[in-house]
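Okay, here's what each chain looks like letter by letter:
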Amino acid sequence: MNGVTNARRRGLSVRSKLALSYAGFLVVAGIALFAVGFLLLRFVPEGNLSLADGGFSPDRSDLLEVFVRYAWWALALLLVFGLGGGWLLAGLVLRPLARVTDAARDARDGSLDHRVALQGRRDEITDLADTFDAMLDRIAQTIDEERRFTANASHELRTPHAIIRTMVEVAQADPVGRDVDVLLQRIASTNDRGIATTEALLVLAQTNRATPLPSEHLDLAALVADAVEEHRPDAATRGIRIDTALDPAHVAAHEPLIARAVANLLQNAIAHNVEGGWVRVQVVDSEIVVVNGGPRVDVALAATLTEPFVRGPGRTRPAGEPAGTGLGLAIVASIVRAHDGELLVTAPSEGGLHVRIALPR
């Protein structure tokens, strides 16, 4: 891309083009006025007219001679005034664009900290500057999230392999005392965790693609009802009650991804609950609300639970259950974002979590 830019032939600057256009407009306007003057001179009689007092009265030829002489001078002055004034005016108008160019050049060179931050009332140039600043904010945020995600994903994917290698090394060091069945069970469990993490990463990558998702008309109430029935056995094993209030609601969305988001919310609500707890699921208009009881979650932590691999105190699975991937709510957030929806995660003071998904109607 740089090579293409450098190979492009240098042309007139925008300031020069604007100055020329201003000067050209003034010259054309002057020519139009002079044309009107020529038309008016047609009504002046030809030949010298004798006045009553014997004085001299110029005829058409005399007036045309004087008019043409000064018309050329006037056109020359208009041209000079148009070029000079146009150059100054174009510089004032285009000055903010230099700041946009500087910010774009810094972004091209890898620095995303510079912002245009134009002041003044809204116009086309301030709209361009504000849009460019918003784009830089989005890019910086995306790059920061990708860096954290890459670091966390590398750690999460490396951990199961490191655990398996450690178990194998310990078993090899003690051939007599090792229990093959227990070892195989632990390896299988650790391997399942790695597979679950990899599958979650694939889903997250799919929802983070820029390509638009295919959508169809969905009955949210029916979709959520199916998900609830699917997770009732898991909730029943821990004595967790699931209450539903599902009003009819229809949206245009990608059914598999919305079903995955609802399933993730229900899995989180059940896993991060207490024995004999409760879960409440609602569908109101185009919103899905999942509220669960459980340990109290810090308000600041709740705001970060949609980031990949974020786990906090009180957000761990009970003993005996497989560890989560830390991607459940991150996948939900990506799915909602892919549908141009809104996700709100809050921590009620009495404990548990309150999650609301608002999809476009």
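Residues numbered from 1 in each chain as written. Predicted model: local features only at pLDDT ≥ 70, side-chain atom pairs only at ≥ 80, totals over all residues. Heavy atoms only, no water.

Participant: Can you tell me about the overall build of the chain, naming the residues and giving the values?
Facilitator: Counting its regular elements, the chain contains nine helices and nine strands. By the burial criterion, 33% of the 361 residues in the chain qualify as buried. Within the chain, counting contacts between residues at least 6 apart in sequence, those at least 24 apart form 66% of the total. Summed over all atoms, the accessible surface of the chain reaches about 22,500 Å², with 59% contributed by carbon and sulfur. (Helix = DSSP H or I, 4+ residues; strand = E, 2+ residues; numbered from the N terminus. Buried < 20%, exposed > 50% of the residue type's maximum accessible area, 1.4 Å probe, protein only. Contact = heavy atoms within 4.5 Å. Areas by Shrake-Rupley, 256 points an atom, 1.4 Å probe, with all protein chains shown as cover.)

Participant: Quick rundown of the pattern of salt bridges? Include the residues and the values.
Facilitator: For the coordinates displayed, the defined rule picks out nine salt bridges. The salt bridge partner of R241 is D243, with a shortest N-O separation of 2.9 Å. On the accessibility criterion, D243 (31% relative accessible area) is partly exposed. With a shortest N-O distance of 3.5 Å, E342 and R356 are connected by a salt bridge. Taken as a pair, E342 in strand β8 (residues 342-346) and R356 in strand β9 (residues 353-358) lie far apart in primary sequence, 14 residues in all. One network of salt bridges, with partners in common, ties together E287, E342 and R356. (Salt bridge = Lys/Arg side-chain N within 4 Å of Asp/Glu carboxyl O.)

Participant: Now, about the pairing of strand β7 (residues 287-292): what can you tell me, with residues and values included?
Facilitator: With five of six residues buried, β7 is to be regarded as a mostly interior element. Judged from the six bridges that link them, strand β6 (residues 278-284) and β7 form a sheet pairing that is antiparallel. What sits directly across from V283, in β7, is I288. With six bridges joining them, β7 and β9 adopt antiparallel strand pairing. Note on β9: the bridge partner recorded for V289 is R356. (Pairing = 2+ DSSP bridges.)

Participant: Kindly report on the confidence of the model for the chain, identifying the contributing residues and their values.
Facilitator: The share of residues in the chain with pLDDT of 70 or more is 83%, and the mean pLDDT across the chain is 79. With pLDDT under 50 throughout, residues 313-323 is counted as low confidence; its partners more than four residues away or in other chains account for 18 contacts. (pLDDT = per-residue confidence, 0-100.)

Participant: Tell me about a negative patch on the surface, residues and numbers included.
Facilitator: On the surface, a cluster of negative charge is contributed by E216, D226, E230, D234 and E255. Among the secondary structure elements, E216 is positioned in strand β3 (residues 216-219). (Patch = residues over 30% accessible without salt bridge, like charges linked within 9 Å, V, L, I, M, F, W, Y side chains within 5 Å. Lys, Arg positive; Asp, Glu negative; His and termini not counted. Charge placed at Lys NZ, Arg CZ, Asp CG, Glu CD.)

Participant: Go over helix α2 (residues 14-41), please, and point to the residues and values.
Facilitator: The end-to-end C-alpha distance of α2 is 40 Å, a good match for the 40 Å that 28 residues give at a rise of 1.5 Å each. Listed as buried for α2 are S16, A19, A23, V27, G30, F34, G37 and L41. On its buried face, α2 sits against α3 (60-108). (Expected span 1.5 Å × (residues − 1).)

Participant: How would you sum up the nonpolar core? Please name residues and give values.
Facilitator: L220, I258, V262, V281 and L353 are the most contacted members of the largest nonpolar core, which totals 42 residues. At the level of elements, α6 (220-237), β5 (250-253), α7 (255-271), β6, β7, α8 (299-302), α9 (328-338) and β9 are the ones that each hand at least two residues to this core. With eight residues, the top contributor of residues to this core is α7. Those residues in contact with V262 that lie beyond four places of it in its chain are L223, V224, A227 and I288. Counting nine residues, the second largest nonpolar core, distinct from the first, contains V100, A103, L112 and L118. (Core = buried A, V, L, I, M, F, W, Y, C linked by side-chain atoms within 4.5 Å.)

Participant: Please provide a residue-by-residue account of the side chain of D133, values included.
Facilitator: Relative to the assigned elements, D133 resides in helix α4 (residues 124-173). In this structure, D133 is buried with no salt-bridge partner, the nearest side chain bearing the opposite charge being R115 at 5.0 Å. A polar side-chain atom of D133 sits 2.9 Å from the main-chain amide nitrogen of A117. Sequence-distant contacts of D133, that is, excluding residues within four places in its chain, are made with R115, V116 and A117. (Polar contact = N/O pair within 3.5 Å; in protein donor to acceptor, adjacent residues only side chain to side chain.)

Participant: Can you break down the environment of L329 residue by residue, with the values?
Facilitator: With respect to the helices and strands, the residue L329 is situated in helix α9. For the pair L329 and T306, spaced 23 residues apart in the sequence, the C-alpha separation amounts to 4.8 Å.

Participant: How would you explain unusual backbone geometry if you had to name every residue and give the values?
Facilitator: A positive phi angle is found at D285, which is not glycine, with a value near 55 degrees. Here D285 is to be found in the loop between β6 and β7. With relative accessibility at 45%, the residue D285 sits in the partly exposed group.

Participant: Give me the lowdown on the packing of α2 against α3, citing residues and values where you can.
Facilitator: For the pair α2 and α3, interaxial distance at closest approach is 7 Å and the crossing angle is 160 degrees. The pairing of α2 with α3 is recorded here as roughly antiparallel in orientation. Of the two elements, α2 crosses α3, and the hand of that crossing is right-handed. Classifying every residue of the contact of α2 with α3 by side-chain character gives 28 nonpolar, six polar and two charged. (Axes fitted to C-alpha atoms, helices over the stretch in contact; angles between N-to-C directions. Parallel < 35°, antiparallel > 145°, perpendicular 65-115°, else oblique. Left-handed = near helix turned anticlockwise from the far one by under 90°. Nonpolar A, V, L, I, M, F, W, Y, C, P; charged D, E, K, R; others polar.)

Participant: Explain the sheet that holds β9 to me, using residue names and the numbers behind them.
Facilitator: Taken in spatial order, the five strands of this open sheet run β4-β6-β7-β9-β8, and their pairing is mixed. Across the chains shown, the open sheet's two edge strands, defined by having one partner strand only, are β4 (241-246) and β8. Shown here is a sheet whose adjacent strand axes are inclined to one another by a mean of 10 degrees, direction ignored. Packed onto the sheet, α6 meets β4, β6 and β7 and runs at close to 175 degrees relative to β4. Across the face of the sheet, α7 comes into contact with β4, β6, β7 and β9 while running at roughly 15 degrees to β7.

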